Amino acid sequence: MTALGRILAAAMLFATAMGSGIGIWIVNPDPADPDATREFLGMPVLFVWGVSWFCVQVVVVVIAYRTVWRKDAT
Amino acid sequence: MNPSLIAIGVYVGVLIAIGVAGMLRSRNSEEDYYLAGRRQGFLTTAFTIMATMFSSAAVLGLPGQVYQDGFPFFFFALNLPLTACFVYLLGSRISRIGRARGYVTPGDLVADYYGGCAGVRLAVALCGFLFVLPYVVMQVKAGGHLAMTLFRDDFDVSDDALFDTGALVFTGITTAYVLLGGMRSVAWSDVLQGVLLLSGMIIACAATIAAMGGLSAYFEALTELPPEAQSVPGVSGAWTVPKLMIFAFFSGVASIVQPAQWMRFYAAKSANTLRRTALIFAIVLPVCLMASMMVGLGGRALYPPTVEESGAVTPHPDVGANDQIVPNLMREHVPELLGPIGALVVAFFMVAVVAAAMSTADSNLHALSAVLTRDVYDRFIRPKASERERAWVGRGLIVILSLFAYVLVRYGNRHPDFEPIKMIAQLMLVAIAFSLQLVPAALDVLFVNRGSGRGALCGILSGLVVVFLFTPLPALFSESAAHSLADLTLDLKRNVDAGFCGLFVNVVVFAVVSRFTTKPAPDVVKAFRKSGQS
């Protein structure tokens, strides 16, 4: 695997862990806390968090498609 | 006449026409029936892989889960870009090896690598069977539910009769076009079904947002959901962060090694086809799945469920069952929003839901017939059967499996306490947990090359047993034992997924047994590596 391939693999795993894994703890509002931040830019904070990391994942896939995933002779 | 009935009638007519067209183009060979001659192009491959993945669970089950629990299950959509990477990484290698060596089923590849080990072939077939059966059952069940939701006002019969008829008609039509044209018909119909279901989800999301007064009002309503619904682990407390993360990492690869997808990798024209498919998959599928879940979230704001003190969530009386939130929302709000066009939009959406269920059921039935014919009948029952005989046995199996799924669904409908067939999303999770047990052996064959056949066999079987103990299935054999097991596994289930527990045991057993047993010869490993990379 090339160096770029390794970086992209790490970025994808990191984005998945942040988006739908341990990263949720950073923004997860406590239901018992009335002052917890539940919205960001008028949207639920968890929604914004998930969609943002999804965008990162898509960027990683597009870069991998253009650079690392090789074309075969058909 | 109900416009949905007309729309579904037209749709079914087109499907049968596709089945006949597939039959006319087919050559009378096993490779053609199961893999469409290994000549599937990029668009067909992309749509058939996406439509097979996007089942009634995505259209009914997952929005239902979001409706019940709030935001946590929304994060499930984020495993799809990672799954797209597996489509390329695993898929392209499976495609190259399969083409070079003439494989048809997953068992062909895995068992051949491990020296033709019969036990490994059977274990791989069992993994496939345990994934496919719940998946087909949930699609047939969705067919019954849809008939009830759609035609309750049009026919003067009981709900049970409507459910049974809907499930039976659904089973009959799906079976018919799979029988007619094999993989070619399945893949062509998947293109139509893929376009329908993906656009159907976007339309449903747009309609929900419009019904709630626009995007700002939609998000405002979401921010006013109860605090538990806006945080992890959700209203029922079932989706803890570790569980979500484990699920995001492993469910994608589990869905990719199931027989129907694996055979689509063999059927692709080249590895390039899968490279382009992966890109489309990473972008289109998550957007549509998020749209589907946004409908569930909107439904939660419009029809709030009741949360009991025990934590149990009861759907709003107008919704009926969690799985029905999307069709009910469409039926209630779209006609009043769009007037006469609304009825047509609802009809289009209902066809999309039927398409989602059919596209998964047909692919899985077709794949399971290949697995049972090639890996069981051909190897252990009639090793000298001709290709023609095997093709007919495969068709017979499709009929038997379809009827078996229908009988299970009918029984489940009459016996609401029959645990194994309750909520659609739960069935999906069980199927994925079983499929996950094939991953260590698949990765070893394709990339790692350090395991032995006996290691793979022991690993798969131990993983399957662990998953079985975590599901409601032991209740089929002993109620008391099932209760004891449920107590034992309760804490583990709260934080991790059943599939992951099985995977952990599977990997440990695989590694330990492989350490002390004979591995494939170096020349076999070298030949596989060469096939996979060339």
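Residues numbered from 1 in each chain as written. Chains lettered and ligands numbered in written order. Predicted model: local features only at pLDDT ≥ 70, side-chain atom pairs only at ≥ 80, totals over all residues. Heavy atoms only, no water.

Peer 1: Talk me through the overall build of chain B; I want residue IDs and the actual numbers.
Peer 2: What chain B contains, in helices and strands, is 21 helices and two strands. Compactness check: chain B gives a C-alpha radius of gyration of 22 Å against a globular reference of 24 Å for 534 residues, within 12% of the reference. With the principal axes as the frame, chain B shows a C-alpha extent of 65 × 55 × 40 Å. Split into buried and exposed, the 534 residues of chain B put 62% on the buried side. Put simply, of all contacts in chain B between residues at least 6 apart along the chain, 84% involve residues at least 24 apart. Charge-centre separation for chain B: the mean point of 38 positive side chains lies 18 Å from the mean point of 35 negative side chains. (Helix = DSSP H or I, 4+ residues; strand = E, 2+ residues; numbered from the N terminus. Rg over C-alpha atoms; globule rule 2.2 N^0.38 Å. Buried < 20%, exposed > 50% of the residue type's maximum accessible area, 1.4 Å probe, protein only. Contact = heavy atoms within 4.5 Å. Lys, Arg positive; Asp, Glu negative; His and termini not counted. Charge placed at Lys NZ, Arg CZ, Asp CG, Glu CD.)

Peer 1: Any chance you could break down helix H4 (residues 56-69) of chain B for me, citing the residues and the numbers?
Peer 2: Owing to its 3.6 residues per turn, the α-helix brings residues three or four apart onto one side. Over its 14 residues, H4(B) extends 19 Å from the first C-alpha to the last, a length consistent with the 20 Å expected when each residue adds 1.5 Å. Most of H4(B) is tucked away, with 14 of its 14 residues classed as buried. (Expected span 1.5 Å × (residues − 1).)

Peer 1: How would you sum up unusual backbone geometry? Please name residues and give values.
Peer 2: Residues and elements named next belong to chain B. The residue after Val232, namely Pro233, is reached through a cis peptide bond having omega 20°. For Pro233, the location among the structural elements is in the loop between helix H9 (215-223) and helix H10 (241-256). The backbone of Asn449 sits at a positive phi, close to 55°, despite the residue not being glycine. Turning to its location among the elements, Asn449 is positioned in the loop between helix H17 (439-448) and helix H18 (453-470). On the basis of relative accessibility, which here comes to 13%, the residue Asn449 falls in the buried class.

Peer 1: Tell me what's going on with the packing of aromatic side chains, and back it up with residues and numbers.
Peer 2: Counted by the stated rule, this structure contains 18 aromatic pairs over all chains. A ring pair is formed by A:Trp69 and B:Tyr88, whose centres lie 4.7 Å apart and whose planes are at 15°; its orientation type is stacked. Pair noted here: A:Trp69 is in the segment after helix H3 (45-67) and B:Tyr88 is in helix H5 (residues 80-101), and the two residues belong to different chains. With respect to burial, A:Trp69 and B:Tyr88 carry one shared label: buried. With centroids separated by 5.2 Å and ring planes inclined at 75°, the aromatic side chains of B:Tyr33 and B:Tyr34 adopt a geometry described as edge-to-face. Relative accessible area serves as the criterion here: at 0%, B:Tyr34 is assigned to the buried category. Grouping aromatic residues by their ring pairs yields a cluster made of A:Phe47, B:Phe71, B:Phe74, B:Phe75, B:Tyr218 and B:Phe219. Here B:Arg395 stacks its cationic end above the ring of B:Trp392, 4.7 Å away from the centre of that ring. The ring of B:Phe516 carries B:Arg515 above its face, with NZ or CZ at 5.9 Å from the centroid. (Phe/Tyr/Trp six-rings, centres within 6.5 Å; stacked < 30°, edge-to-face > 60°. Lys NZ or Arg CZ within 6 Å of the ring centre and 35° of its normal.)

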